[in-house]
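# Tertiary structure, described
Below, each chain spelled out in residue letters.
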Protein chains: 2
Amino acid sequence: MSGDSGPRCVVPACLACLGEIPSLQLVLVGQAPLLEELIARHPRVDRARLSVVHAGEVIAMDERPAHALRSKADSSMRVALELLRERQVQACVSAGNTGALMALSRRVLKTLPGVDRPAMFAALPTEQGVCHLLDLGANMDCTAEHLYQFAVMGSVAAEALGMERPRVALLNVGTEEVKGNQQVKQAAVLLQRARGINYVGFIEGDGLYRGEADVVVCDGFVGNILLKASEGLAAMIAGEVRAQFGGSLASRLVGVLALPFLRRLQARLAPARHNGASFLGLQGIVVKSHGAAGAEGFRSAILHAQAEIRENLPQHLHDRLQTLLVGH
Amino acid sequence: MSGDSGPRCVVPACLACLGEIPSLQLVLVGQAPLLEELIARHPRVDRARLSVVHAGEVIAMDERPAHALRSKADSSMRVALELLRERQVQACVSAGNTGALMALSRRVLKTLPGVDRPAMFAALPTEQGVCHLLDLGANMDCTAEHLYQFAVMGSVAAEALGMERPRVALLNVGTEEVKGNQQVKQAAVLLQRARGINYVGFIEGDGLYRGEADVVVCDGFVGNILLKASEGLAAMIAGEVRAQFGGSLASRLVGVLALPFLRRLQARLAPARHNGASFLGLQGIVVKSHGAAGAEGFRSAILHAQAEIRENLPQHLHDRLQTLLVGH
């Protein structure tokens with residue numbers, strides 16, 4: 001119901017996904033009359049795979065998470081998460097208020113044993129392939145223990161998604177032991193002791209893009225700023241290439257050839273906007289699609305959710321965390 | 001004496017600068033026999049503008065700042081800073097250990113009245129021109145008051161360097177008031193009250209590169225990671241362009257035309273490595289050149305120092321801070 005563009009964008013995006021992914025069954029949660037009206041505009045909707053569950057309230061994009069928790073028992077976000085808790089659906093995808101989605105997910109679904117705080121997790125492109133970065137913005141202040149938990153969750157999730165013995169690193173201002181703030185130094189001590197984690201040490205911002213690790217761990221403040229700065233820088237570079245190569249014919253050729261490539265790169269650098277980011281550490285699968293995501297973004301978030309369903313990621317995390325976190 | 005490549009790189013770089021900048025007078029501080037030997041290899045050195053001051057000890061790149069403070073009274077870094085304190089030189093440029101340089105600068109030179117901690121400050125390219133970012137890595141944990149002081153120093157310095165009414169913003173994960181960690185939220189309250197500062201609110205990572213502010217403030221942990229990630233991403237993009245456009249003739253043309261442009265952009269994205277970063281808030285001018293800086297980087301750091309001497313930046317900061325910080 002929310003997101004930057006609301007159901008007028010989300011409903012057509014969902015219907016397109018339904019057409020493209022035959023195995024998909026969707027439940028749309030929100031103000032039923034409006035949703036039905038938007039669905040009715042499309043011919044040939046397979047209603048056997050699409051249902052609507054009514055929820056009268058909407059959490060605004062600028063609403064404080066604490067307020068969303070206290071009031072609005074009938075918000076579309078909360079009702080969707082309750083369907084997930086009751087196993088009536090297998091995953092929840094939302095383009096709404098990130099803070100509220102995280103707060104409500106914790107309240108309704110609860111975290112896995114041993115996990116204090118769920119983290120947002122997505123893949124960034126690197127010179128070697130991809131690198132999974134977490135947390136991307138769910139947790140502003142993190143203790144060493146939180147960072148340790150993120151590292152464990154990120155490692156297990158990357159493995160479940162097909163990586164073998166993922167190299168796990170802590171994002172820092174230097175690679176020497178003495179560098180960084182207290183949290184990151186203490187988290188390093190915890191990770192050095194941990195068994196079953198392929199901890200490779202500190203990594204700097206440039207090392208991330210050189211592909212020196214498969215899972216990179218930081219607090220949500222740093223992760224969110226890094227992600228958005230990367231997105232902004234890629235956009236700036238694409239813009240400068242466009243401006244620089246608009247002149248001569250040879251120049252324009254560069255533009256024509258280079259821009260589609262730079263556009264693809266830009267999209268890969270904005271995973272939260274384009275591909276969805278997973279919430280890790282909850283007793284259920286929740287994927288955040290960006291507020292401004294178009295149909296393509298929503299489709300990608302839904303595919304992410306399907307992959308996590310296929311791998312049964314929360315159960316897998318639960319089992320591994322039992323040995324890695326609960327006992328430690 | 002230190003830096004990633006030591007005096008064998010720094011001395012020729014300094015001699016080149018001396019040739020290029022007729023107004024420059026240089027004092028090289030370090031192990032005199034070695035420095036004299038390196039100088040003697042070059043013909044036609046204008047010794048009227050070049051002197052050597054002996055200092056027997058060297059602070060290693062991986063030495064803890066606390067250790068550098070306690071011991072090594074005769075390190076090249078400390079002796080150079082003492083020359084500055086005694087007004088025998090007008091600025092100090094170093095490619096050595098950043099943490100030690102900051103700790104020794106504070107000890108030897110002292111901070112300006114009202115300044116708790118100096119900050120590292122440099123310009124990044126944006127869609128609109130440049131943006132001054134601070135702190136770039138001198139201060140790992142910052143309170144709201146520290147961030148406020150950085151904002152004031154950054155604003156005054158940007159103005160002294162020629163910007164009119166620089167727009168000052170706090171780096172955050174969102175632009176709404178409720179977003180961010182406690183430090184950044186409280187710093188916003190301080191800045192909203194401040195007179196004489198053109199505070200424009202929170203800025204996100206992408207807003208920085210869109211040029212939405214002239215001075216962007218963050219703690220040194222975030223600033224350093226942002227800077228290095230930007231550098232790494234630009235290198236990755238340049239590398240992918242190179243790989244992508246190595247094939248057909250048309251493709252190779254793109255490479256040939258686009259790569260010099262991308263290389264220039266890369267250099268602008270690594271100001272600490274290529275252009276030097278200023279330490280703001282000290283009773284003296286200190287410029288950090290990157291440890292791996294070549295002659296070009298050292299030249300640029302020296303030019304930076306000269307610009308600050310010309311503007312009498314520490315005095316200018318002192319006067320403005322009297323009204324902006326000391327009274328507030």
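Report on the accompanying structure. (Residues numbered from 1 in each chain as written. Chains lettered and ligands numbered in written order. Predicted model: local features only at pLDDT ≥ 70, side-chain atom pairs only at ≥ 80, totals over all residues. Heavy atoms only, no water.)

## As for the sheet that holds strand β7 (residues 198–203) of chain A
All names here are of chain A. With mixed pairing, eight strands are arranged side by side in an open sheet as β3-β10-β9-β4-β5-β8-β6-β7. A strand with exactly one partner marks an edge of an open sheet, and here the two such strands are β3 (91–94) and β7. Taken over all neighbouring pairs, the strand axes of this sheet differ in orientation by 30° on average, direction set aside. Here strand β4 (residues 119–125) pairs with strand β5 (residues 130–134) via five bridges, running antiparallel. If you follow Ala122 over to β5, its bridge partner there is Leu133. With respect to the sheet, helix α4 (residues 76–85) is in contact with β3 and β10 (285–288), its orientation differing from that of β3 by roughly 160°. Helix α7 (residues 182–193) rests against β6 (167–171) and β7 of the sheet, and its axis sits at about 160° to β7. (Pairing = 2+ DSSP bridges. Helix = DSSP H or I, 4+ residues; strand = E, 2+ residues; numbered from the N terminus. Axes fitted to C-alpha atoms, helices over the stretch in contact; angles between N-to-C directions. Contact = heavy atoms within 4.5 Å.)

## Details of unusual backbone geometry
Residues and elements named next belong to chain A. Omega for the bond connecting Leu134 with Asp135 falls within 30 degrees of zero, at 0°, which places this linkage in the cis form. Assignment of secondary structure puts Asp135 in the loop between β5 and α6 (144–160). Positive phi, close to 55°, is recorded for Lys72, a residue that is not glycine. Summarising the element assignment, Lys72 is placed in the loop between α3 (65–70) and α4. On the basis of relative accessible area, Lys72 is assigned to the partly exposed category, the value being 21%. (Buried < 20%, exposed > 50% of the residue type's maximum accessible area, 1.4 Å probe, protein only.)

## Quick look at the interface of chain B and chain A
Bring the parts together and some accessible area is lost; that lost area is often taken as the interface size. Opposite the 51 residues of chain B that make contact, chain A presents 51 residues. Of the roughly 4,400 Å² buried at the junction of chain B and chain A (both faces included), carbon and sulfur atoms supply 75%. For the chain B face of the interface with chain A, the top three residues by lost area are Phe221, Met236 and Phe261 of chain B, together amounting to 14%. Counting every contact that joins chain B to chain A gives two salt bridges. (Buried area = accessible area lost by both parts, 1.4 Å probe. Salt bridge = Lys/Arg side-chain N within 4 Å of Asp/Glu carboxyl O.)

## Considerations on the relation of the copies chain B and chain A
A rotation about some axis, followed by a shift along it, carries one copy of the chain onto the other. When chain B is fitted to chain A, the best match, at an RMSD of 0.0 Å, comes from turning it 180° and sliding it 0.0 Å along the axis. On the angle and the small slide along the axis, the relation comes out as a two-fold axis. Both copies contact each other with a shared surface, as 100% of the interface residues of chain B are interface residues in chain A too. (Least-squares fit on C-alpha atoms with pLDDT ≥ 70 in both.)

## Considering helix α2 (residues 32–40) of chain B
In an α-helix, one full turn covers 3.6 residues, which means residues spaced three or four apart are oriented alike. All names here are of chain B. Listed as buried for α2 are Ala32, Leu34, Leu35, Leu38 and Ile39. For α2, the angular spread of the buried residues around the axis is 165°, confining them to a single face. Opposite its buried face, α2 presents the exposed residues Pro33 and Ala40, each directed more than 90 degrees away. Of the surrounding elements, those touching the buried residues of α2 are α1 (7–20), β1 (26–30) and β2 (50–54). (Arc of directions from axis to C-beta.)

## Examining the nonpolar core
Counting residues in hydrophobic clusters, the biggest one holds 184 residues, and the most contacted among them are Leu170 of chain A together with Leu170 of chain B. Taken together, domain 1 (7–115 + 277–312) and domain 2 (119–272) of chain A each give at least three residues to this core, which thus spans both. (Core = buried A, V, L, I, M, F, W, Y, C linked by side-chain atoms within 4.5 Å. Domains from an automatic or database assignment.)

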